[in-house]
Amino acid sequence: MGMSDKKRMGISDSSHKSEPPPLAADETLVDSSSSISQPPRRGSAQGAHVPPIIWSQLASSRGETVLGVSPAGMIEFLGGATGRMFTASAKDWQGKSLLDWAVPEDRLPLKAYLKNVAAGAALACISLRHPFDKAEDKRVEMTSIYVPDPIRGTALIWCLAWSATEVQPWARVFAHELKQPLAALMGSAQICQRLEKAGKSASKDFRESLERVVRLSEKSAELIDRLQSSLAPKIQQLAPTNVNDLVREGLSWLEKDFRQRHIRVEMQLAEKLPPVPADAVQLQRVIIHLLKNASEAMDEVPPAERTLTLSTRQEGSDVQVAVMDSGKGISAGLIEQIFQPLRSSKPGGMGIGLSMSRSIVQEHGGNIWARPLPGRGSVFIFSLPISGKGT
Amino acid sequence: MSNVKPTVCLIEDDADLRANFKVSMKGAGIPQVSYASAEDFLEGYEQKNVGCIVLDVRLPGLSGLELLERLRSENVLIPVVLLTANADVQTAVKAMRHGAVDVLTKSAFKEETLIERVREGLQRWESVKKFQSERAAVGPRVATLTPREVEVLDLMVAGNKNRKIAEHLGISTKTLDIHRANIMRKMQTKTVADLVRWRLINKADSSGVMPMVS
């Protein structure tokens, strides 16, 4: 969904202002238009666009999937996963400007974008080139936000860089790493076969080749383990978290994207929701992923029929979050597999997002499931125990 | 020219692949040597009588393609078999342009294929060497020809009959016969076939690309 659609449909911030999304009156959306028209309700004194929960946590944990840049575009730090995704070593980014990472035609837009973020725009998508592989440009969607940093006394722009598509270049690096030992493994195995056929299985060459087969198999398995563990979510610390706030914040990051895709958003948040012990950074990944999934599921239905319903409620001793879409729906057969790793209903999908979401929810002692809706679309629900994991 | 069997040389940073290569070449009876980087190779290869290079595209430091380009620009014409992790067209095209024997995808080739390509490379090196030594021998002989003799030689190489050559140059066939005898004597041969081949070798560039015969 590009800018051209937006222009064609005559949608702009001003038209949006006269036609606000269907939100309750006390919902403060974090975005440029709403922060101008409405005074901030939460966050630091420095601006309405500072979200309350996530960014403070990011600042303390330096979350896996973030990238911090100064308003001038200098890269201040990289979260672990972002680092692995973009670079081979710290040398690749220390003292570098994010602008250098942008594809040439995107440098100006990126510059303007960083300025806009600093001025209050909460969210946009930018395209970066992966510096480790200059042969191929990869488009990366980044959701960014401006955060004054009280410790350093300087402002930072934080970019959340995580979605299923972003996992791909990362997976590519691993695929390359894996190919090397596999190639050697195949070669050694072939040699063993040949020597064995020639009756030379007692030779030193045979023994050494066989040793390589074993060692390289182990090495390959080890690499796969490493891939798995780096994809697995790392739950940092659990703190009482207001799920409604988290949901609002997640939505605020994607709100512009939803508008571009002509998606109507309905919020049905429970009025009094008990806090749940959660790692808000990780949980936000789940919410964002479900929201993005829902929006992509509606790409093929007419714009007038695109409705996303986001609801929260207390269900017994759990808090539940449901994301409902009016898309084409998922077949019953696929719904059973959809949380499995490497299964995807999306063309080109890696099948990592939902399985990672499931791991995150399970790490919180909760559950995630999906079901097709009667008529049209599907609903993804996750629940979290109010009393936390292990009870 | 040395009589020692030419060596195949692997440039590959992965130690396991080097170990495999050593065993494979031993099985095929081909002397081998290997280097972990292009830089190491450049330092040592001249002493090794290298007749074929098996080259990893992705190397620390100077990349495989960069090394290939550099060798070609320095007129080092040793045949090269490229190894890549991914079969990509761009690399293949570049490699072929620099006269690589083949591009093998690391995870998808058989031992026999590698040995076959290496043999092909070594063979090609033999003919390159033969060509280069002939060319080196012919050059000084051509240099002894007078401009008129060169003119006659080229008309002969182009396949013209004596009468036509004489007519073209405005000389008698008798005079032409004297020119021809001088050319044969200076070029040290008795056959027109040698003359033609040598003149083409003499005109070709060092990689063996023949000129168009007009």
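As the structure is a prediction and not an experimental result, all values here were calculated from the model.

Cut-offs used in this document
- Residue indices begin from 1 for each chain and proceed along its sequence in written order.
- Whichever chain is written first is A, and whichever ligand is written first is 1; the rest continue in order.
- Reporting in this predicted model follows two pLDDT cut-offs: at least 70 for local features of residues, and 80 or more for side-chain atom pairs to be given and counted; totals over whole chains, interfaces and linings ignore these cut-offs and use all residues.
- Under the scheme used here, helices are H or I runs from DSSP no shorter than 4 residues and strands are E runs no shorter than 2 residues, and both carry numbers assigned from the N terminus.
- Burial is judged by counting other C-beta atoms within 10 Å of a residue's own C-beta: 20 or more means buried, 12 or fewer means exposed, and anything between counts as partly exposed, with every C-beta placed from the backbone.
- Placing C-beta atoms from the backbone, we regard two residues as in contact once those atoms come within 7 Å.
- Classes in brief: Ala, Val, Leu, Ile, Met, Phe, Trp, Tyr, Cys and Pro nonpolar; Asp, Glu, Lys and Arg charged; the others, Gly included, polar.
- Only C-alpha atoms enter the line fits that serve as axes; for helices the fit covers just the stretch in contact. Angles between N-to-C directions range over 0 to 180 degrees.
- Should an angle fall under 35 degrees it is called roughly parallel, over 145 degrees roughly antiparallel, and 65 to 115 degrees roughly perpendicular, with every other angle called oblique.
- In this scheme, strands are said to pair when DSSP sees at least two bridges between them.
- Here a nonpolar core is just a set of buried residues of the types Ala, Val, Leu, Ile, Met, Phe, Trp, Tyr and Cys, joined wherever their C-beta atoms sit within 7 Å.
- pLDDT: the predictor's confidence for each residue, scored from 0 to 100.
- To estimate the expected span of a helix, subtract one from its residue number and multiply by 1.5 Å.
- Handedness of a crossing is defined here by the sense of rotation of the near helix relative to the far one, left-handed for an anticlockwise turn of less than a right angle and right-handed for a clockwise turn.

**Q** Lay out the overall build of chain B with the relevant residues and their values.
**A** Helix and strand content of chain B: nine helices and five strands. What you see in chain B, going N to C, is helices and strands ordered as β-α-β-α-β-α-β-α-β-α-α-α-α-α. In chain B, which comprises 214 residues, the proportion classed as buried is 30%.

**Q** How would you summarise the overall build of chain A if you had to cite specific residues and measurements?
**A** When helices and strands are counted, chain A shows twelve helices and eleven strands. Out of the 391 residues belonging to chain A, those deemed buried represent 38%. Expressed as a percentage of contacts within chain A between residues at least 6 apart in sequence, the contacts between residues at least 24 apart total 67%.

**Q** Give a detailed account of the interface of chain A and chain B, specifying residues and quantitative values.
**A** Contact with chain A, which involves 16 residues of that partner, is made by 14 residues of chain B. Mapped onto the side of chain A that touches chain B, the elements with two or more residues apiece are helix 7 (164–197) and helix 8 (204–231) of chain A. Here the element with the most residues in the side of chain A that touches chain B is helix 7 of chain A; it accounts for twelve residues. Its residues placed into classes, the side of chain A that touches chain B shows six nonpolar, six polar and four charged.

**Q** Lay out the packing of helix 6 (residues 147–157) of chain B against helix 8 (residues 173–187) of chain B with the relevant residues and their values.
**A** All names here are of chain B. For the pair helix 6 and helix 8, interaxial distance at closest approach is 10 Å and the crossing angle is 95 degrees. One element, helix 6, and the other, helix 8, form an angle in the roughly perpendicular class. On helix 8, the residues touching Arg148, Glu149, Val152 and Leu153 of helix 6 are Leu176, His179, Arg180, Asn182 and Ile183.

**Q** Lay out the sheet that holds strand 6 (residues 264–268) of chain A in plain terms, naming residues and giving numbers.
**A** Hydrogen bonds along the backbone pair up the strands of a sheet, which may run parallel or antiparallel. Residues and elements named next belong to chain A. One open sheet holds the five strands; their spatial order is 6-8-9-11-10, and the pairing between them is mixed. Either end of the sheet is taken by a strand with one partner, and the two such strands are strand 6 and strand 10 (367–372). Adjacent strand axes in the sheet meet at a mean angle of 15 degrees when their direction is disregarded. With six bridges joining them, strand 10 and strand 11 (residues 378–385) adopt antiparallel strand pairing.

**Q** Break down the environment of A:Val243 for me, with residues and values.
**A** Residue and element names in this part refer to chain A. Within the element layout of this structure, Val243 appears in helix 9 (residues 243–260). The class of Val243 is buried, set by 25 C-beta atoms lying within 10 Å. Val243 sits 34 residues away from Pro277 along the chain, and the two C-alpha atoms are 9.8 Å apart. Once residues lying within four places of it in the same chain are set aside, the contact partners of Val243 are Leu273, Val276, Thr312, Val319 and Val321.

**Q** Hey, could you go over the sheet that holds strand 1 (residues 7–11) of chain B for me, with residue numbers and the actual values?
**A** Residue and element names in this part refer to chain B. Here five strands make up an open sheet; going across it, the order is 2-1-3-4-5 and the pairing parallel. Looking at which strands have only one partner, the edges of the open sheet turn out to be strand 2 (32–35) and strand 5 (100–105). Looking at each pair of strands side by side, their axes are set apart by 20 degrees on average, direction ignored. Sheet analysis places strand 1 next to strand 3 (residues 50–56), joined by five bridges and oriented parallel. If you follow Cys9 over to strand 3, its bridge partner there is Ile53. Helix-sheet contacts for helix 5 (residues 111–143) involve strand 1, strand 3, strand 4 (80–84) and strand 5, and the interaxial angle to strand 5 is about 165 degrees.

**Q** Which residues make up the nonpolar core, and what values do they have?
**A** Among the nonpolar cores identified, the biggest contains 45 residues, and B:Ile11, B:Ile53, B:Leu55, B:Val80, B:Val81 and B:Leu82 are the most heavily contacted of them. Take this core: its biggest share by element is six residues, from helix 7 of chain A. Leaving out residues up to four positions away in the same chain, B:Ile53 has contacts with B:Cys9, B:Ile11, B:Ile78 and B:Val80. Listed in part, the 38 residues of the second largest apolar core include A:Ile263, A:Ile287, A:Ala294 and A:Ile338.

**Q** Now, about the confidence of the model for chain B: what can you tell me, with residues and values included?
**A** Model confidence for chain B is summarised by a mean pLDDT of 87, while 94% of its residues fall at 70 or above. Per-element confidence in chain B ranges from a low mean pLDDT of 77 for helix 4 (residues 89–97) of chain B to a high of 95 for strand 1 of chain B.

**Q** Lay out helix 5 of chain B in plain terms, naming residues and giving numbers.
**A** With 33 residues, helix 5 of chain B should cover 48 Å at 1.5 Å per step; its first-to-last C-alpha distance of 48 Å lies within 8% of that length. For helix 5 of chain B, every residue scored as buried is listed here: B:Glu111, B:Leu114, B:Arg117, B:Val118, B:Gly121, B:Leu122, B:Trp125 and B:Val138.

**Q** Kindly report on the pairing of strand 4 of chain B, identifying the contributing residues and their values.
**A** Along any regular strand, the residues point their side chains to alternate faces of the sheet. All names here are of chain B. Within strand 4, five of the five residues are buried, which leaves the element mostly enclosed by the surrounding structure. Side chains Val80, Leu82 and Thr84 of strand 4 all project onto a buried face; the interleaved residues Val81 and Leu83 project onto the opposite face, where all are buried too. In this structure, strand 3 lies alongside strand 4, joined through four bridges in parallel fashion. Each residue of the ladder has a partner; that of Val54, found in strand 4, is Val81.

**Q** Go over the packing of helix 9 of chain A against helix 10 (residues 280–297) of chain A with me, naming the residues and quoting the values.
**A** Each pair of packed helices can be summarised by the angle the axes make with each other and by the distance between the axes. Residues and elements named next belong to chain A. In contact at an axis separation of 9 Å, helix 9 and helix 10 are set at 40 degrees when each is read in the N-to-C sense. The angle between helix 9 and helix 10 falls in the class oblique. Helix-helix and strand crossings are classified by hand; for helix 9 and helix 10 the assignment is right-handed. In contact with Leu246, Val247, Glu249, Gly250, Leu251, Trp253, Leu254, Asp257 and Phe258 of helix 9, helix 10 contributes Ala280, Leu283, Gln284, Ile287, Ile288, Leu291, Lys292 and Ser295. Class assignment of the residues belonging to the contact of helix 9 with helix 10 gives a composition of eleven nonpolar, three polar and three charged.

**Q** I'd like to hear about unusual backbone geometry, residue by residue, with values.
**A** A positive phi angle is found at A:His262, which is not glycine, with a value near 60 degrees. Along the chain, A:His262 turns up in the loop between helix 9 and strand 6. Among the residues examined, A:His262 registers 17 C-beta atoms within 10 Å and is labelled partly exposed. Although it is not a glycine, B:Gln188 sits at a positive phi angle of roughly 60 degrees. Note that B:Gln188 resides in the loop between helix 8 and helix 9 (192–203). Assessed through the 11 C-beta atoms surrounding it within 10 Å, B:Gln188 is described here as exposed.

**Q** Provide a residue-level description of the environment of A:Asn242, including the pertinent values.
**A** Residue and element names in this part refer to chain A. Along the chain, Asn242 turns up in the loop between strand 5 (239–241) and helix 9. Residue Asn242 is classed as partly exposed on the basis of its C-beta count, with 18 C-beta atoms lying within 10 Å. The spacing of Asn242 and Pro277 is 35 residues in sequence and 8.9 Å in space, taken between C-alpha atoms.

**Q** Break down the confidence of the model for chain A for me, with residues and values.
**A** Residues and elements named next belong to chain A. Per-residue confidence for chain A averages 69 on the pLDDT scale, and 54% of its residues sit at or above 70. Across chain A, the element-wise mean pLDDT spans from 30 in helix 3 (residues 32–37) up to 95 in strand 9 (residues 318–324). Within the model, the stretch residues 1–63 combines pLDDT values under 50 with 95 contacts to residues more than four positions away or in other chains. Taken together, the stretch residues 161–169 has pLDDT below 50 and engages in 24 contacts with residues farther than four places along the chain or on a different chain.

**Q** Tell me about the environment of A:His262, and name the residues and values.
**A** Taking the C-alpha atoms as reference points, A:His262 and A:Ser295, separated by 33 residues in sequence, lie 9.6 Å from one another. The residues contacting A:His262, other than those within four sequence positions of it, are A:Pro303 and A:Arg306.

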